[in-house]
Amino acid sequence: MALKLYGAALSPCTSRVMTCLHEKEADFELVPIDLFAGEHKQLPFLAKNPFGQIPVLEDGDLSLFESRAISAYVAEKFKETGNDLIRHQSFKEAAEVKVWMEVESQHYHPAISPIIFQFFAAPLQGKPPDQAIIDENAAKLGKVLDVYEDKLGRTKYLAGDFYSLADLFHLSFTYYFMKTPCADLINERPHVKAWWEDISSRPAFQKVASAMNFGENGN
Ligand code: GS8
């Protein structure tokens, strides 16, 4: 039975899981949840995720929320097919992957997500982007990217010389970020820029990126 992914193609958290599913060549069905109609805040969706957020993955009687945990499950379930995203044959490399997955969620995401919110979500609520919030978080993100620039000068990918779930976790938020005026934070760091061009051109991500259309001005 195919996996069922409840979400929306333009949602970066849904796209994170879809990218992982494509990397693993796993069959899945995307069940659309209409955020604009508030479907995620109503039963029966709340029974799937009490926090009322997409995505949710169902695999038979198993139901999971949180895009990073779902992706880790997919990478583990299909560890023998497609690209090995968790380095399951080396516990040391697997530990490095876990370190950089934590870096993404604890350092990178808290800085990049308010910027994405200001450019793409605030206008949907009729508010112009708040430049003070953008500037504050761009400064934070610059410091995180200095660490990335150093690391990516020493290894091709974040956890080592292999593509992993740690790199994949960055894709969908950075994709939207690159459409904002802050994109220079990536482009002006040569190792980060080369890494971004490499990971974003992977076929698994290209399949989902084509559906990630909020509009060029973050409408
Ligand atoms: C965040 C999910 C999330 O913010 C995860 O799955 O990684 N930590 C969770 N989902 C957003 C859509 S952005 O992809 C969402 O459901 N927003 C609606 C809301 O919060 O009301």
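The shown structure was predicted, so the numbers you read here are calculated from the model rather than taken from an experiment.

## Description of the overall build of the protein chain
Next up, step 1: When you go through the protein chain residue by residue, the secondary structure sums to 10 helices and 4 strands.
Next up, step 2: Counting from the amino terminus, helix and strand elements in the protein chain follow one another as β-α-β-α-β-β-α-α-α-α-α-α-α-α.
Next up, step 3: Whereas a compact globule of 219 residues would reach a radius of gyration of roughly 17 Å, the protein chain reaches 17 Å, a difference of no more than 12%.
Next up, step 4: Across its three principal axes, the protein chain shows a C-alpha extent of roughly 50 × 45 × 25 Å.
Next up, step 5: For the protein chain, the residues scored as buried account for 50% of the 219 residues in total.

## As for the side chain of E104
Next up, step 1: Within the fold, E104 resides in helix α4 (residues 91-121).
Next up, step 2: Those residues in contact with E104, other than ones at most four positions away along the chain, are R16, R68, H109, P110, Y148, F169 and H170.

## Topic: the UniProt feature "domain: GST N-terminal" (unreviewed entry) in the protein chain
Next up, step 1: The sites that carry the UniProt feature "domain: GST N-terminal" (unreviewed entry) are, in the present numbering, residues 1-82.
Next up, step 2: Here residues 1-82 runs as 33% helix and 22% strand, with 19 Å between its end C-alpha atoms.

## What to know about the sheet that holds strand β4 (residues 62-65)
Next up, step 1: One open sheet accounts for 4 strands, arranged β2-β1-β3-β4; its pairing is mixed. The sheet is open, and its two borders are formed by β2 (28-32) and β4, each paired with just one other strand. The sheet shows a mean angle of 20 degrees between the axes of neighbouring strands, taken without regard to direction.
Next up, step 2: Examined bridge by bridge, strand β1 (residues 3-7) and β2 share 5 bridges and lie parallel to one another. Note on β2: the bridge partner recorded for G7 is P32.
Next up, step 3: In the packing of helix α1 (residues 12-23) onto the sheet, contacts are made with β1 and β2, and the angle to β1 comes to roughly 155 degrees.

## Quick notes on the domain arrangement of the protein chain
Next up, step 1: If you check the domain split of the protein chain, you get domain 1 (3-82) and domain 2 (91-207).
Next up, step 2: The C-alpha centroid of domain 2 is placed 21 Å from the C-alpha centroid of domain 1.
Next up, step 3: At the junction of the two partners, domain 1 supplies 14 residues and domain 2 supplies 16 residues.
Next up, step 4: Summed over both sides, the interface between domain 1 and domain 2 buries roughly 1300 Å², with carbon and sulfur atoms accounting for 68% of that surface.
Next up, step 5: On the surface where domain 1 and domain 2 come into contact, there are 3 salt bridges.

## Focus on the site of the ligand
Next up, step 1: S11, P12, C13, R16, H40, K41, Q53, I54, P55, E66, S67 and R68 make up every residue found near the ligand.
Next up, step 2: S67 places a polar side-chain atom, nitrogen or oxygen, 2.7 Å from an oxygen atom of the ligand.
Next up, step 3: Out of a free accessible area of 520 Å², the ligand has 74% covered by protein chains.
Next up, step 4: The cavity that encloses the ligand is the largest pocket.
Next up, step 5: If you list the elements that add at least two residues to the shell around the ligand, you get α1 and α3 (67-77).
Next up, step 6: Per-class residue counts for the shell around the ligand are 4 nonpolar, 4 polar and 4 charged.

## With respect to the pairing of β4
Next up, step 1: As paired elements, strand β3 (residues 56-59) and β4 share 4 bridges and run antiparallel to each other. From the neighbouring strand, L57 faces β4, where its bridge partner is L64.
Next up, step 2: With antiparallel pairing between neighbouring strands as the criterion, β3 and β4 make up a hairpin whose turn holds 2 residues, including G60 at a positive phi of roughly 60 degrees.

## Remarks on the pattern of salt bridges
Next up, step 1: In the structure shown here, the tally under the stated rule is 13 salt bridges.
Next up, step 2: The closest approach of N and O atoms between R16 and E104, which form a salt bridge, is 3.4 Å. Of this pair, R16 sits in helix α1 while E104 sits in helix α4, and the two are 88 residues apart along the sequence.
Next up, step 3: The class for E104 is buried, based on a relative accessible area of 1%.
Next up, step 4: Taking the shortest distance from any N to any O, the salt bridge between E188 and R189 comes out at 3.5 Å.

Cut-offs applied
Residues numbered from 1 in each chain as written. Predicted model: local features only at pLDDT ≥ 70, side-chain atom pairs only at ≥ 80, totals over all residues. Heavy atoms only, no water. Helix = DSSP H or I, 4+ residues; strand = E, 2+ residues; numbered from the N terminus. Rg over C-alpha atoms; globule rule 2.2 N^0.38 Å. Buried < 20%, exposed > 50% of the residue type's maximum accessible area, 1.4 Å probe, protein only. Contact = heavy atoms within 4.5 Å. UniProt positions renumbered as here; feature names shortened; annotations may be inferred. Pairing = 2+ DSSP bridges. Axes fitted to C-alpha atoms, helices over the stretch in contact; angles between N-to-C directions. Domains from an automatic or database assignment. Buried area = accessible area lost by both parts, 1.4 Å probe. Salt bridge = Lys/Arg side-chain N within 4 Å of Asp/Glu carboxyl O. Near = heavy atom within 4 Å. Polar contact = N/O pair within 3.5 Å; in protein donor to acceptor, adjacent residues only side chain to side chain. Areas by Shrake-Rupley, 256 points an atom, 1.4 Å probe, with all protein chains shown as cover. 1 Å grid on protein atoms, 1.4 Å probe; cavity = no way out; pocket = protein on both sides within 12 Å on 5 of 7 lines; lining within 4 Å. Sits in = over half its atoms within 2 Å of the grid points. Nonpolar A, V, L, I, M, F, W, Y, C, P; charged D, E, K, R; others polar.

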